[in-house]
Amino acid sequence: MSTYDDQSAVTVLGLGPMGRALAGAFLDAGVATTVWNRTPGRDGDLVARGARSAATAAEAVAAAPLTVVCVVNYDASDAILRQDEVTDALKARTVVNLTADTPDRARDTADWAAAHGIRYLDGAIMTPAPSIGTPEAVFILSGPKDLYDRTLPVLSGLGGTHTHLGEDIGRAAAYDIALLDIFWTAMAGYAHALAVARAEGVTARELAPFAQGIGAILPPLFAEFAGDTDDGTYSGEINPITSAVSSMAHIVHTAESHGIDASLMRVVEGQARRVVAEGHGTDGYLRVTELLTRHAH
Ligand code: NDP
């Protein structure tokens, strides 16, 4: 058990489902933990388990060399950290911001931290709150490597795997956004599939085992096609994009025959048809990445 005076003590700001899970895991790991939340009264069970409750955010950050912030977004973390008395109390201490937001917000916060003599790591959590404190938890972090190395022994109390993605402070948020892009488009696809299946008299429970089978096809494809995308080869040997557009059109027709909005799949089909029209019909679906990146800057 660490004490509140030693270097491994930690402060957790934000006690939503994730903040509470983080604080609980620190306590279980024997780390002296101080907690604070904008709305009081969210720390009862944590205090019963040994946490210290701070009356203000400034008092909380002064209680430990390391502060972990996990609130809804960077508007919220700015509202807490950029109060003068909190910023002053953080000088020469370390902040690890595990709040999810964009790479630009991470860079802006790092600039603010540097201007005020605050050590800063940015991070994201890629697994749900119940995973925290278990081997399943996944944390990604970016920022100065020496700071990461010094902070890791305390962060390890959260369980799971911790990966340093590089010194560019925006990298953890960049991974987070890309991974959430996969998650939400997959969930949007699942919601749409369930609506189409229901319209055809198929229940979600009936479809689920087969949906899991479709889901299981994806992980090896992610690995296999990653090289294609980096190298620009986009092999269409297994499934050329001309075949993919036909399958997409069937989904659009079936959904619309039931009056179900198919605009997401229409966009996907339209992009794939543009790739075919540009002469890449024998390539694989991921050739669309080139179309999407063409106007990127
Ligand atoms: P929320 O995203 O709902 O965040 C709730 C927390 O944000 C509360 O502590 C709340 O305080 C605080 N908050 C909101 N607005 C403000 C504000 N203006 N000023 C100060 N504090 C504010 O819940 P989670 O705890 O689940 O998520 C926290 C972060 O973790 C998010 O970025 C989320 O994306 C990420 N995350 C969550 C996962 C999960 O399973 N829950 C999984 C992976 C990542 P108050 O109680 O006063 O409203």
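Nothing here was measured: the structure is a model prediction, and the numbers come from that model.

Details of the overall build of the chain
Here is step 1: Summing up its helical and strand segments, the chain has 12 helices and 8 strands in all.
Here is step 2: For the chain, buried positions account for 40% of its 297 residues.
Here is step 3: In the chain, once contacts between residues fewer than 6 apart in sequence are set aside, the share between residues at least 24 apart is 63%.
Here is step 4: Per element, the accessible surface of the chain, about 15,500 Å² overall, is 58% carbon and sulfur.
Here is step 5: If you average the places of the 21 positive and of the 36 negative side-chain charges in the chain, the two averages end up 4 Å apart.

Comments concerning the nonpolar core
A general feature of soluble globular proteins is that nonpolar side chains tend to end up buried together.
Here is step 1: Ranked by size, the top nonpolar core spans 30 residues in total, and within it Leu-22, Phe-26, Val-68, Leu-98, Ile-132, Phe-139 and Leu-158 carry the most contacts.
Here is step 2: Contributions of two or more residues to this core are made by strand E1 (10-13), helix H1 (17-28), strand E4 (66-69), strand E6 (119-125), strand E7 (138-142) and helix H7 (145-155).
Here is step 3: In this structure, Leu-158 is in contact with Leu-22, Ala-25, Phe-26, Leu-98, Ile-132, Gly-133, Thr-134, Ala-137 and Phe-139, ignoring residues within four places of it in sequence.
Here is step 4: Counting residues in hydrophobic clusters, the runner-up holds 22 residues, among them Val-69, Val-71, Tyr-74 and Tyr-120.

Examining the pairing of strand E8 (residues 161-164)
Here is step 1: Burial along E8 is one-sided: the face carrying His-162 and His-164 is buried and the face carrying Thr-161 and Thr-163 is not.
Here is step 2: In terms of strand pairing, E7 meets E8 through 4 bridges, oriented parallel. By the bridge assignment, Leu-141 is partnered in E8 with His-164.
Here is step 3: Regarding the hand of the β-α-β motif, the stretch spanning E7, H7 and E8 is right-handed.

Points about the site of the ligand
Here is step 1: In the vicinity of the ligand there are 21 residues, among which Met-18, Asn-37, Arg-38, Thr-39 and Arg-42 approach most closely.
Here is step 2: Interatomic distance of 2.5 Å between a side-chain N/O atom of Thr-39 and an oxygen atom of the ligand.
Here is step 3: For the ligand, an oxygen atom lies 2.5 Å from a polar atom in the side chain of Arg-42.
Here is step 4: More than half of the atoms belonging to the ligand lie within 2 Å of the grid points that define the second largest pocket.
Here is step 5: Elements that contribute at least two residues to the shell around the ligand include exactly H1 and helix H4 (74-81).
Here is step 6: Considering each element in turn, the shell around the ligand owes the most residues, 3 residues, to H1.

Things to note about the packing of aromatic side chains
Each aromatic ring pair is described using two quantities: the centre-to-centre distance and the angle formed by the ring planes.
Here is step 1: If you walk through the whole model with that rule in mind, you get 1 aromatic pair.
Here is step 2: For the pair Phe-183 and Trp-184, a centre-to-centre distance of 4.9 Å together with 80° between the ring planes defines the contact as edge-to-face.
Here is step 3: When its relative accessible area of 55% is taken as the criterion, Trp-184 is described as exposed.

Some words on the domain arrangement of the chain
Here is step 1: Assigned domains within the chain: domain 1 (9-169) and domain 2 (203-294).
Here is step 2: Domain 1 and domain 2 are separated by 39 Å when their C-alpha centres are compared.

A closer look at the sheet that holds strand E5 (residues 94-97)
Sheets are built from strands paired through backbone hydrogen bonds, the pairs being either parallel or antiparallel.
Here is step 1: What the 8 strands build is an open sheet, ordered E3-E2-E1-E4-E5-E6-E7-E8; its pairing is mixed. Edge positions in the sheet fall to strand E3 (52-53) and E8, since each has one partner strand and no second.
Here is step 2: Pairing geometry for E5 and E6, over 4 bridges, is parallel. Considered in E6, the bridge of Thr-94 is made with Arg-119.

Here's the deal with the side chain of Thr-11
Here is step 1: By the secondary structure assignment, Thr-11 is in strand E1.
Here is step 2: With a relative accessible area of 0%, Thr-11 lands in the buried category.
Here is step 3: Among the polar contacts made by the side chain of Thr-11, one reaches the main-chain carbonyl oxygen of Ala-60 at a distance of 2.7 Å.
Here is step 4: Contact partners of Thr-11, with chain neighbours within four places excluded, come to Thr-34, Ala-60, Val-61, Ala-63, Ala-64, Leu-66, Thr-67 and Val-68.

Comments concerning the side chain of Thr-151
Here is step 1: Position of Thr-151 among the secondary structure elements: in helix H7.
Here is step 2: Among the polar contacts made by the side chain of Thr-151, one reaches the main-chain carbonyl oxygen of Leu-147 at a distance of 2.6 Å.
Here is step 3: Beyond its immediate stretch of four places on either side in the chain, Thr-151 contacts Leu-66, Thr-94, Val-96 and Leu-121.

Details of helix H8 (residues 171-199)
Turn by turn, an α-helix covers 3.6 residues, leaving residues three or four places apart pointing in a common direction.
Here is step 1: Helix length check: H8, at 29 residues, gives a terminal C-alpha distance of 42 Å against a target of 42 Å (1.5 Å per residue), a fit within 8%.
Here is step 2: Three or more residues of H8 are buried, namely Ala-172, Ala-173, Asp-176, His-192, Val-196 and Ala-197.
Here is step 3: Buried residues along H8 sit in contact with helix H6 (103-115), E6, E7, helix H9 (204-231) and helix H10 (241-257).
Here is step 4: Immediately beyond the C-terminal end of H8, within one or two residues, lies Gly-201, with a positive phi of roughly 80°.

Analysis parameters
Residues numbered from 1 in each chain as written. Predicted model: local features only at pLDDT ≥ 70, side-chain atom pairs only at ≥ 80, totals over all residues. Heavy atoms only, no water. Helix = DSSP H or I, 4+ residues; strand = E, 2+ residues; numbered from the N terminus. Buried < 20%, exposed > 50% of the residue type's maximum accessible area, 1.4 Å probe, protein only. Contact = heavy atoms within 4.5 Å. Areas by Shrake-Rupley, 256 points an atom, 1.4 Å probe, with all protein chains shown as cover. Lys, Arg positive; Asp, Glu negative; His and termini not counted. Charge placed at Lys NZ, Arg CZ, Asp CG, Glu CD. Core = buried A, V, L, I, M, F, W, Y, C linked by side-chain atoms within 4.5 Å. Pairing = 2+ DSSP bridges. Right-handed = clockwise from strand over helix to strand, strands pointing away. Near = heavy atom within 4 Å. Polar contact = N/O pair within 3.5 Å; in protein donor to acceptor, adjacent residues only side chain to side chain. 1 Å grid on protein atoms, 1.4 Å probe; cavity = no way out; pocket = protein on both sides within 12 Å on 5 of 7 lines; lining within 4 Å. Sits in = over half its atoms within 2 Å of the grid points. Phe/Tyr/Trp six-rings, centres within 6.5 Å; stacked < 30°, edge-to-face > 60°. Domains from an automatic or database assignment. Expected span 1.5 Å × (residues − 1).

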